[in-house]
Amino acid sequence: MINVSENIKNISPYVPGKPVEELERELGISGSIKLASNENPLGPSPKAVAAIRKALEGLNRYPDGSGFYLSQALAKNYGVDIAQVILGNGSNELIELVVRTFVQPGDEVVSADPSFVVYKMITQAAGGTNVIVPCKDMRHDLDAMAERITPKTKLVFIANPNNPTGTMNTKTEMDRFMAKVPDHVLVAVDEAYYEYVTRADYPDALDYLRDGRNILSLRTFSKIYGLAGLRIGYGITKAEIAELMNKVRQPFNTNSLAQAGALAALADRKHVERSVTLNNEGKQFLYREFERLGIAYIPTETNFIMFETQFDGKDMYTGLLRTGVIIRPMGPKKLRVTIGLPEENTRFVAELEKLVKP
């Protein structure tokens, strides 16, 4: 047996949902709806699809290793220098890159629980020490996280809005936290869902970057832009931080189709606006239906809702699955549902009602 470190042996791997086609084959069903992975039910912008089709003609060539045109467009969009932009194979790769760049064995990385599990997985794989701070009222306890920072801390991960809870921390809370963060710590703010936020007191991580703080804003084309299958994300940070991460980044890490699709998607503001409107309407519908059914839920600033029933979460998940409704179990009694198309939301509620009120 090949020797491997205990850090690697003890990792609990991320378990993605099965493809819809495989689930239907196993259960002998058809016509399923997938509301499990926080995808945009509208799909990608038609402009992005057209750009991807055009890019197919050049698949014999390697992609632009620097992602120049997409990086340039992102820099212009956010008012930063192109040297501050780094592209990733999804923002997931950027999480790995920032840990590989700055965390050595024995260094500490602070994150919350529950939050995106990949932060802890990558830190463990790199030999870092995970410092896990429990959420308070299902939100990051930023005051407690600040207290856990030590001279060994290299990195803090903050998902805002948070996955899987859908909650967010306010500008006042973030201001107070950043005032306590020492200069040797990099704060990685995962803003994968920031386009869905409706509250006025949401803190934009780029504001702290403009103030000269050590911030890495992680964003993605997988959610609001509907390009999850292309795996394209980006980070915005100080130029010197991006330069260091680029030393670790693999060449050609983002493919030609992803770059072309993302560039076109970024320019289609109407598609983003339609996606936000659809999400807000679906959110209010599901809130009303949860209240009608007496189901507790966590108000969300994302495109998914965590809710809780009096029944076992896995049993509820399995029961819905057998009807062709795929959501995500999140704990003993907690589940998470993606806000879908109106007809998908209606079907989800109808099947859920059969289980909670048989």
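Worth saying up front: this structure is predicted, and the values here are computed from it rather than measured.

Conventions used here
- Residues numbered from 1 in each chain as written.
- Predicted model: local features only at pLDDT ≥ 70, side-chain atom pairs only at ≥ 80, totals over all residues.
- Heavy atoms only, no water.
- Buried < 20%, exposed > 50% of the residue type's maximum accessible area, 1.4 Å probe, protein only.
- Helix = DSSP H or I, 4+ residues; strand = E, 2+ residues; numbered from the N terminus.
- Salt bridge = Lys/Arg side-chain N within 4 Å of Asp/Glu carboxyl O.
- 1 Å grid on protein atoms, 1.4 Å probe; cavity = no way out; pocket = protein on both sides within 12 Å on 5 of 7 lines; lining within 4 Å.
- Points joined across faces, edges and corners; volume = space filled by probe spheres on them.
- Nonpolar A, V, L, I, M, F, W, Y, C, P; charged D, E, K, R; others polar.
- Patch = residues over 30% accessible without salt bridge, like charges linked within 9 Å, V, L, I, M, F, W, Y side chains within 5 Å.
- Areas by Shrake-Rupley, 256 points an atom, 1.4 Å probe, with all protein chains shown as cover.
- Pairing = 2+ DSSP bridges.
- Right-handed = clockwise from strand over helix to strand, strands pointing away.
- Axes fitted to C-alpha atoms, helices over the stretch in contact; angles between N-to-C directions.
- Arc of directions from axis to C-beta.
- Contact = heavy atoms within 4.5 Å.
- Parallel < 35°, antiparallel > 145°, perpendicular 65-115°, else oblique.
- Left-handed = near helix turned anticlockwise from the far one by under 90°.

(A) Inspection of helix α6 (residues 118-125) at higher detail. In terms of burial, α6 is largely enclosed, as six of its eight residues are buried. Two residues or fewer past α6, G127 is found with a positive phi of approximately 85°.

(B) Up close: the pattern of salt bridges. Applying the stated criterion across every chain, the model contains 15 salt bridges. Here E173 ties to R139 by a salt bridge, and the two come within 2.6 Å at their closest N and O atoms. One end of the pair, E173, is in helix α8 (residues 171-180); the other, R139, is in the loop between β4 (129-134) and α7 (142-147), with 34 residues separating them in the sequence. The exposure class of E173 is buried, given its relative accessible area of 16%. E353 is the salt-bridge partner of R292, the closest N and O atoms lying 3.1 Å from each other. Highlighted residues: R292 in helix α12 (residues 269-293) and E353 in helix α14 (residues 342-356), separated in sequence by 61 residues. A relative accessible area of 26% places E353 in the partly exposed class.

(C) Structural context of empty space enclosed by the protein. Tallied over the entire structure, the rule returns one cavity of 30 Å³ or more. Space inside the largest cavity adds up to approximately 40 Å³. What lines the largest cavity is simply N40, P41, Y196, S275, L278, N279, I339 and G340. Residues that form the lining of the largest cavity fall into these classes: four nonpolar, four polar and no charged.

(D) Quick look at a nonpolar patch on the surface. Taken together, the side chains of F68, Y69, I82 and L263 define a hydrophobic patch exposed on the protein surface, amounting to about 370 Å² of accessible area. Its place among the elements puts I82 in the loop between α4 (68-78) and β2 (85-88).

(E) Fine view of the pairing of β4. In the sheet, strand β3 (residues 108-113) pairs with β4 via six bridges, with the strands oriented parallel. Note that in β4 the partner of E108 across the bridge is T129. Running through α6, the crossover from β3 to the neighbouring parallel element β4 is right-handed.

(F) Seen up close, the sheet that holds β3. An order of β2-β8-β7-β6-β5-β3-β4 is seen for the seven strands of this open sheet, with the pairing classed as mixed. Every interior strand has two partners, whereas the edge strands, β2 and β4, have only one. Geometrically, the sheet is characterised by an average inter-axis angle of 20° between neighbouring strands, direction not taken into account. Inspection of the sheet shows strand β5 (residues 153-159) paired to strand β6 (residues 186-190) by five bridges, in the parallel sense. Counted as the bridge partner of L155 is L186 from β6.

(G) Expanded view of helix α10 (residues 239-248). Along α10, the positions that sit buried rather than exposed are I241, A242 and M245. Buried residues along α10 cover an arc of 95° about the axis, so they all sit on one side. Projecting away from the buried face of α10 at angles above 90 degrees are the exposed residues E243 and K247. Along its buried surface, α10 packs onto β2, α5 (90-102), β6 and β7 (215-220).

(H) Spotlight on the packing of helix α13 (residues 313-321) against α14. Axis separation between α13 and α14 bottoms out at 10 Å; the angle between their running directions is 125°. Judged on the interaxial angle alone, α14 and α13 are oblique. Considering only the axes of α13 and α14, their crossing is right-handed. Of α14, the residues touching α13 (which contributes M316, G319 and L320) are F348, E351, L352, L355 and V356. Here the residues of the contact of α13 with α14 are counted per class, giving six nonpolar, one polar and one charged.

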